[in-house]
Amino acid sequence: MIDPLFLAEAAINGLLLGGVLALLALGLNLIFGVIDIVWIAYVDLVMICMYAVYFIVQVYGYPIWLGGLASVALGALLGIGVHLLIISPILTSAPVNQLLATGGLLFFLQSFATFLWTTDHRSVRLDLPRLEILDMPISVARLIAFVLAVLVMLGLYLFLTRTYIGTAIRAVSQDREAMSLMGANPQRVYLVTSAVGGAMAGIAAALLIIQYAVHPFFGAAFGPITFMICVLGGLGNMVGAFVASFVMSEVIAISGVIWSTEMGYVIAFVVFIVMIFARPGGLLARRS
Amino acid sequence: MTLGRAAAVLVVAVLLAAPFLPLGVTREYTIHVLVQIFIWSFIGGAWSIMGRFGLTSLGHGAFLGIGAYTTTLLWNFFGLTPWLGALVAVTLTALFAVVVAYPCSRFQVVGHYFGLVTLAVGEVIRLLIVAERDWTGGSLGLTVKPAAGDSILAIQFADKRVFYYGALVLWLAGLYIWWRVDRSMARAAMEAIGEDETAAASVGIHVSRFKIGITVLSAVLTAIGGVAYAQYISYVNPDTLAGIGVSLRIVFAVVLGGMYSLLGPTVGTALTIALAEYLRILFGLKFIGMAETIYGFLLIVFIIFLPAGIYGSVSQLFRRRPAPMPTHARTPA
């Protein structure tokens, strides 16, 4: 029997991880909701930004907040670049071509990172105080990441509901044709969405690098779970993705302690399939 | 038609004679590349059986992995001949395909959702193989236990030519199955389903049955391809036989060739394998990752500029009637 204290610790770690996973899922979901294309390489963009933070902070010795800001800026630029160079030429292609084009980007980023930086694992070391609650060590880095992730999501919510361009983004995700009939320019909305989605990848990168080491295959480790969360929450459904992130991160964290990390992902997948049976339209979908 | 048939006979005759052509020192290598092209073309064809109807699986690595690992584990640990092992593998794959296809079809998981679900499926099988490292060797892979000398029972031969003919037969069988599906009722039904599921159901097409059936067929053929590849290479590895990488490679080869035509997957596979081999020889052990970087870059470029695939684009030029294109085909933006 496993010590309940370990399980409680795993549950807390799961909760903290869920915050960052939610950030990833929301960024991917935002792009899908508006542009109707899934960026298979989304987490690989996060990987590139993580390397940026690593070099800025660990190699060149600048403070972490500067690395974070640079990562956000780089993420936004990458988002714009991906949209202009890859997505906009294939906006009307068959879905398989759209998936493959961003899949090609995944190959490209993974192997280019291998070429430039080898497969070594690199991490940013921060001097953070220890924290213990009820004899359970809590990682302060994870706590900070969680709080910041929640704040960013709150910011995204305000951006989408309180600003003009945010309203336009929501309008396009509801009805693209009607939006162009109203005289709005979907191209501009697409570009802003890609930049925001990219910036969220940058934020997630800054929050992930203080907890995990980065390596060229980082995207393969976090990508599938992000996709599962998006589908489970209902693609394009923000609240659903938010809830699904915490469900999945808890499953992974707890079964990871009981069995192994890989088995944690396998069990998360089984849970995913069962949930799809039970709630096909996503966790929060209403039965018609 | 007679011209086409004569050309086909000629091609098969050349392929049959190929292992005995005087190619000098490069003969072994040429045969090796050809065997790989046959096996992966077979797998690509298996993918396109469902892929052409809009069931865009990004997780065929799962079926490949189940096939290859089932036979290899049964042979290594229980000495069960791969012939029977393949039977077990096919059964397992079929069951697994139903488990995945049933909810997807029942709840209309299509398009991008289907792609993402299957992508996760492929990755989960890879993780499962890595997690069960006590039997499977984890990410280090597993060598197929060698039999004493050549053995039909163990499907192990020192002479590559045996594998060459085996792979050739496999490839031709794959083309035949593709052709049969292309000529069948299932094709019409699947195309109707691909256009509009509700409309298809309203004219009496059993949507779930056709979708699950075509998925199982595709999965089973892929598993057989996985068994063949494992027997030929006599080594299995979770990264080369399951997961995102190999799944995307299969799809890329097929889309590059053109998935709506019989020979499209073969053309695409031959090109991608030739490209991969060329880049591998060009860079060797220097510049690790560079070959893959170029591969990924070319993938994006091809998808943007040749959306119908090479074979698809060429055959459209020669054909009078328009080729069967997806409804959402490229329109000027």
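Residues numbered from 1 in each chain as written. Chains lettered and ligands numbered in written order. Predicted model: local features only at pLDDT ≥ 70, side-chain atom pairs only at ≥ 80, totals over all residues.

## Considering the overall build of chain A
Okay, step 1: The secondary structure content of chain A amounts to 11 helices and two strands.
Okay, step 2: If you line up chain A on its principal axes, its C-alpha atoms span 60 × 50 × 35 Å.
Okay, step 3: For chain A, the residues scored as buried account for 53% of the 288 residues in total.
Okay, step 4: Taking contacts inside chain A between residues at least 6 apart in sequence as the whole, the part at least 24 apart equals 77%. (Helix = DSSP H or I, 4+ residues; strand = E, 2+ residues; numbered from the N terminus. Buried ≥ 20, exposed ≤ 12 C-beta atoms within 10 Å, placed from the backbone. Contact = placed C-beta atoms within 7 Å.)

## A few points about the overall build of chain B
Okay, step 1: A tally of regular secondary structure across chain B gives 15 helices and two strands.
Okay, step 2: Scaling as 2.2 N^0.38, a compact globule of 333 residues should have a C-alpha radius of gyration of about 20 Å, and chain B matches this with 20 Å.
Okay, step 3: Structurally, chain B occupies a C-alpha span of about 60 × 45 × 40 Å along its principal axes.
Okay, step 4: Burial analysis of chain B (333 residues in total) assigns 47% to the buried set.
Okay, step 5: For chain B, the proportion of contacts with a sequence separation of at least 24, taken over those separated by at least 6, is 76%. (Rg over C-alpha atoms; globule rule 2.2 N^0.38 Å.)

## As for the interface of chain B and chain A
Okay, step 1: Contact residues are listed per partner, giving 44 residues for chain B and 40 residues for chain A.
Okay, step 2: Of all the secondary-structure elements, those providing two or more residues to the side of chain B that touches chain A are helix H5 (111-131), helix H12 (244-257) and helix H14 (290-305) of chain B.
Okay, step 3: With 14 residues, the top contributor of residues to the side of chain B that touches chain A is H5(B).
Okay, step 4: In terms of residue class, the side of chain B that touches chain A is made up of 31 nonpolar, 10 polar and three charged. (Nonpolar A, V, L, I, M, F, W, Y, C, P; charged D, E, K, R; others polar.)

## Points about the nonpolar core
One recurring pattern in soluble globular proteins: nonpolar side chains tend to sit buried together.
Okay, step 1: Core analysis: the biggest nonpolar cluster contains 199 residues, and Val46(A), Met50(A), Val53(A), Ala204(A), Met228(A) and Ile39(B) have the highest contact counts within it.
Okay, step 2: Looking at this core, the element that brings in the most residues is helix H1 (residues 4-35) of chain A, giving 17 residues.
Okay, step 3: For Met228(A), the contacting residues outside a window of four places in its chain are Met248(A), Ala268(A), Phe269(A), Phe272(A) and Ala120(B). (Core = buried A, V, L, I, M, F, W, Y, C linked by C-beta atoms within 7 Å.)

## A word on the packing of H1(A) against helix H10 (residues 238-258) of chain A
Residues and elements named next belong to chain A.
Okay, step 1: With their axes 7 Å apart at the nearest point, H1 and H10 run at an angle of 145 degrees to one another. Judged by the twist between their axes, the crossing of H1 over H10 is right-handed.
Okay, step 2: By residue class, the composition of the contact of H1 with H10 is 19 nonpolar, seven polar and one charged. (Axes fitted to C-alpha atoms, helices over the stretch in contact; angles between N-to-C directions. Left-handed = near helix turned anticlockwise from the far one by under 90°.)

## Quick notes on helix H8 (residues 185-195) of chain B
All names here are of chain B.
Okay, step 1: Here H8 has its buried residues at Ala189, Met190 and Ile193. Seen end-on, H8 carries its buried residues on one side only, within an arc spanning 95 degrees.
Okay, step 2: Close packing links the buried residues of H8 with helix H9 (197-202) and helix H10 (207-233). (Arc of directions from axis to C-beta.)

## Quick look at helix H3 (residues 60-78) of chain B
Residues spaced three or four apart along an α-helix face the same direction, because each turn holds 3.6 residues.
Residue and element names in this part refer to chain B.
Okay, step 1: A rise of 1.5 Å per residue sets the reference length of H3, with its 19 residues, at 27 Å; its end C-alpha atoms lie 27 Å apart and thus fit the reference within 8%.
Okay, step 2: Burial runs high along H3: 15 of the 19 residues are buried.
Okay, step 3: Trailing H3 by a residue or two, Gly79 shows a phi angle of about 65 degrees, which is positive. (Expected span 1.5 Å × (residues − 1).)

## Details of the confidence of the model for chain B
All names here are of chain B.
Okay, step 1: Summarising the model, chain B shows a mean pLDDT of 84, and 92% of its residues fall at 70 or more.
Okay, step 2: Confidence drops under a pLDDT of 50 for residues 329-333, and excluding neighbours within four residues, the segment shows seven contacts in the predicted structure.
Okay, step 3: The ipTM, which scores confidence in the relative placement of chains, is 0.81 for this predicted complex, and the corresponding pTM is 0.85. (pLDDT = per-residue confidence, 0-100.)

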